[in-house]
Structure formats: structure tokens, C-alpha cells
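Commentary on secondary and tertiary structure
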Amino acid sequence: MMKNVSMVSGQTSSGDAMSNGNNYDLAFPTLPVLKTSEKIGTAQFKKRSNFKSSTVNEIITIPAQDRHWDRNSQLEHEKCKEAYMKIGKECNVGIEICVSKTMDLTLQISGNRVNVERAKQKIITFEQTQIKTTTTPFPKEHRGTLLGKQGLNLKNIEKRTGARIQIPCMKNSADIICITGTKDSTKKVVQELEEIIIKLKSKIEKEITIDQRHHGAIIGFNGEKVRELQKIFNVKIIFPSPVEARNNLVKIQGLNDDVNKAFKSLAKLAEVLDEINYVLEIPIFKQFHKLSAGKRAIFIKKIREETDTRIFLAREGDNKDVIKVMGNKRKVLIAYDMIKEIQNEIGDIITKEMVLGNVKVRNAIVNLGNKFIQSIKEDCGDNVTLNLPTVKGDNTIVIKGPEDDVKNVITQIQTMVDEVHKYVSDI
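Before going into details, it helps to say that this report is about the structure given with it. Everything numeric in this text was worked out from a predicted model, so none of it was measured. (Residues numbered from 1 in each chain as written. Predicted model: local features only at pLDDT ≥ 70, side-chain atom pairs only at ≥ 80, totals over all residues. Heavy atoms only, no water.)

**Overview of the overall build of the chain**
On a plain count of helices and strands, the chain comes out with 15 helices and 18 strands. Counting every position in the chain, which comprises 427 residues, the buried fraction comes to 32%. Within the chain, residue pairs in contact and separated by at least 24 positions form 65% of the contacts whose partners lie at least 6 positions apart. On the chain, roughly 27700 Å² of surface is accessible, and the fraction owed to carbon and sulfur atoms is 51%. (Helix = DSSP H or I, 4+ residues; strand = E, 2+ residues; numbered from the N terminus. Buried < 20%, exposed > 50% of the residue type's maximum accessible area, 1.4 Å probe, protein only. Contact = heavy atoms within 4.5 Å. Areas by Shrake-Rupley, 256 points an atom, 1.4 Å probe, with all protein chains shown as cover.)

Next up, the structure:
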């Protein structure tokens, strides 16, 4: 910021010397009426009559921080001095230059008021339009963000401000960036860089669980859909590698607000995909496989047509006796009921409940979980399904399957219960 102070020195005119004291009017002439006054710098300058001339001395101070050139460069010092002296000659004023120990620059301009004002404006314009280089700190780990893809971010900043920005090469560990331009343009660049640093410091990473089956639908062909999402929310979305089995975690990186918006959008999208791509595995009994291929095909075709779902039967040799149904969640559940109904019809399926009287025995069986169920199936076959109690206080095991198989299971469980009960009692 330039500071200026004005001083006026007056010189007496020859008319005053002609007074002889004999004539009052001649000795004390009437003073002219002051019509206008104006300010130059911080002092007030009053217009005087034409019979007096005036010389204005104005001081301009340019603080060191406003001089955007190398303070240690003697060559630049000399160039500026030459420019100031040239302005002095053009405006017919005298200019004295002084540089303080703190490198503040002081200019004293002396001459006719109008000429001094002209010189002052030219000096201000010269300072503002000088092409100079300044430096500003910028974290080296964020240089890539500043550059942007193919340097577009950097080019846009240069276009907006009119300054040139020079970033050190990646091998250079310095955190300094050079900016070349006018005083205003370099100031704008520094402000933009400071805003970018603030935003980068508020960057976060958030994880969202999305069924791996939906990853391909969100990514799109050749990544088109995920790129569009990244552009809309100004974030980076990272999916796990396809080789990572059962990894449903998707990462979102970016500014706090942007990440939260992207998170909400992906959560809604995942919910929709879950609804329209719902998957349910339905256990089936061996009686179902005993049906001829033709009858099975008729049943499956009927269910597919009525529910508009995709149904996948277990392959031959597959130890898993399940039917996989995919589609809209509501329709999948309808297909589930239809398949169960067919199984009940062809297999004489019954459902029995068995209550475990002793809480300790119940807890021992529940803790065994799948191991207990697998042990029963090994002895009684895979034609039955068992549902162990899941709620505290519930001691009931539900057994479903062909009648003979269900009876065998109940007998087997009772035997195991008696053994566990005896073991617990012994302890």
C-alpha cells in the first residue's frame, strides 16, 4: 500500500516589496476570497491567487511486502530507479529515491502540483503493471491435484488470473511454487492456492458396504457410470478388485461435504439394486430331484413366468441342495412360497417342533450351531431342515421334511439331548 504526504512551500511575490507604508490600502491590500480547496495526499492544499507560485513536495512509501521483485537483485533495483527517473523527466518533476534497512522504498516528488500528481499516478501504474515473480508455499504431496488431469486445473487458474505458475518437478522436494505476473494477478493466484490447501486439508475417506454383485452395474461398461458419478460429486470412488472374494467395501475419497453426498447417492443406488436383484437360496429335498426332468422343467417354467424371476437349479454333482432365485425382492419371495408348496405336495412334508426343557442343554446345542445341524444331517440325511432357537427364552427347535425323516431326526436329537443333559448334570 502506497502512502503519500504533501508539503507546500510559498514564495513572496514582488508586489509586497513595493509597499511604502504611506498608503493603508497599499500597505494592507484586501486578501483574495478562497473559492475552492482540495486535498493532495494527506495534507490540504489551498489554491492561491495567481500572484504567488507554489512547489509541492509529495512523499510516497512503498512497503517491502508490496514490491514483488527480488529484493536482493541489484539489477532490478537499478531498473526501477531508471523507470522512476524517466517518469520524473516526463512529468518535469524532481524525484529523490531512498531505500530503508527494511527495504521499504520512499520516493519524494517535488514540482508543480499538477505535474507531481501526474508523476504519482504514473508510478502507481508502473508498480501495479510490472511483471514480477513471487513465491508461495504449496505441499508437494498435493501437486498432482493442483495440476489436474493433463494440467487442466493449473491452466484454468492461469487463465482466470492472467499469471504464470511454475511447479517444481516431482523429484524436487521443495514446497515452493513460483508465480509470475502483475501485482494483482499474483495476489489472485496466492489466494486461490490458499483456498485449495484449506480444501485439501479437509479431505476424508468413507467406506460403504455394497453387495459385490452390484459393483459391475455401478461401474458400468468400461467404467463409464462410475466416472460420471465421480464427476457429479467431485470424489474418487474405489471398488475392490474382482479377485477379492466377498469383499463388499467401496471407498469414497474427497472433501467432507462431497463425500457425504456421494455416500447418500450410492446408498440409495445400492438399495434399489438390492430390491431389483434380490437373491434367495431355497433348500430343496431329495424328493424334488426324483421328479422327472420334464416335470421339474414344467414347475420351474411356471414359477418363472408367474413371478418374472430367474431360477437356477443346483448342478449335477453339486453337494448343495438349493435352488437360487433372483429378481425383484417381492417377486422372489412369491417364488419361494411356490417352490415350498410344490415340495410339500410331492414329498409329504411335515413340520414338527421339539422343545428343549433344560436351558443349559438348549444353550449347549445353540452354541454348537451349524456343527449340530450337520451332525444330525449326516445321521438322518439331507431331506430335513432344522431351525435352532435364536431368541433368548425360546427353547424350540423346528424340524421340517418328509415324515419318516423328521421322526428319525427327533429321535436322534432326543438321544443327543439326553447325552448332553447327563454330561451337564455330571459337571
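**Quick look at the sheet that holds strand E11 (residues 236-238)**
Across the sheet, 3 strands lie side by side as E10-E12-E11; this open sheet has antiparallel pairing. Two strands lie at the open edges of the sheet, namely strand E10 (203-209) and E11, each paired on one side alone. Mean inter-strand twist for the sheet, computed between neighbouring axes without regard to direction, equals 20 degrees. Taken together, the 7 bridges between E10 and strand E12 (residues 249-255) define a ladder with antiparallel strand orientation. Counted as the bridge partner of Thr-209 is Leu-249 from E12. (Pairing = 2+ DSSP bridges. Axes fitted to C-alpha atoms, helices over the stretch in contact; angles between N-to-C directions.)

**Section: the environment of Val-406**
Checked against the element boundaries, Val-406 lands in helix H15 (residues 403-426). Along the chain, Val-406 and Val-384 lie 22 residues apart, while their C-alpha atoms are 6.7 Å from each other. Filtering out sequence-adjacent residues up to four positions away, Val-406 remains in contact with Ile-350, Lys-352, Val-384, Ile-399, Lys-400 and Gly-401.

**A short note on the environment of Ala-119**
Along the polypeptide, Ala-119 turns up in helix H3 (residues 113-129). Not counting the four nearest positions on each side in its chain, Ala-119 is found in contact with Ile-87, Cys-91, Val-93 and Ile-109.

**Some points on the sheet that holds strand E15 (residues 322-327)**
What the 3 strands build is an open sheet, ordered E13-E15-E14; its pairing is antiparallel. At either end of the open sheet lies a strand with only one pairing partner, and these are strand E13 (278-283) and strand E14 (310-312). Looking at each pair of strands side by side, their axes are set apart by 20 degrees on average, direction ignored. As paired strands, E13 and E15 are joined by 6 bridges and run antiparallel to one another. Note that in E15 the partner of Leu-280 across the bridge is Val-325. Sheet contacts for helix H9 (residues 256-276): E13 and E15; angle to E13, the most-contacted strand, approximately 40 degrees.

**A look at helix H14 (residues 370-380)**
When we look at burial in H14, the residues that qualify are Phe-372, Ile-373, Ile-376 and Cys-380. Each buried residue of H14 sits inside an arc of 95 degrees when the element is viewed along its axis, so together they form one side. Residues of H14 that are exposed and point more than 90 degrees away from the buried face comprise Asn-370, Lys-371 and Glu-378. (Arc of directions from axis to C-beta.)

**Let's talk about the side chain of Thr-396**
Checked against the element boundaries, Thr-396 lands in strand E18 (residues 396-402). The class of Thr-396 is buried, set by a relative accessible area of 19%. Look past the residues within four positions of Thr-396 in its chain and what remains in contact with it is Glu-353, Met-354, Val-355, Asn-387, Leu-388 and Pro-389.

**Some details on the pairing of strand E6 (residues 105-111)**
Along E6, the buried face is formed by Leu-105, Leu-107, Ile-109 and Gly-111; none of Thr-106, Gln-108 and Ser-110, which line the opposite face, is buried. Of the pairings in the sheet, the one linking strand E4 (residues 54-62) to E6 comprises 7 bridges and is antiparallel in character. Bridge pairing links Ile-59 to Gln-108 in E6. The sheet contact formed by strand E5 (residues 94-99) and E6 spans 6 bridges and is antiparallel. When the sheet's bridge partners are listed, Gly-94 is paired in E6 with Ser-110. Between E5 and E6, which pair antiparallel in sequence order, lie 5 residues; one of them, Met-103, sits at a positive phi of approximately 70 degrees.

**Overview of helix H13 (residues 359-368)**
Buried residues of H13: Val-361, Arg-362 and Ile-365, and no others. Seen from one end, H13 has its buried residues packed into an arc of 100 degrees, which puts them on one side. Away from the buried face of H13 by more than 90 degrees, exposed residues Lys-360 and Asn-367 are located. Looking one or two residues beyond H13, the residue adopting positive phi is Gly-369, at roughly 55 degrees.

The values are spatial; any link to function lies outside them.
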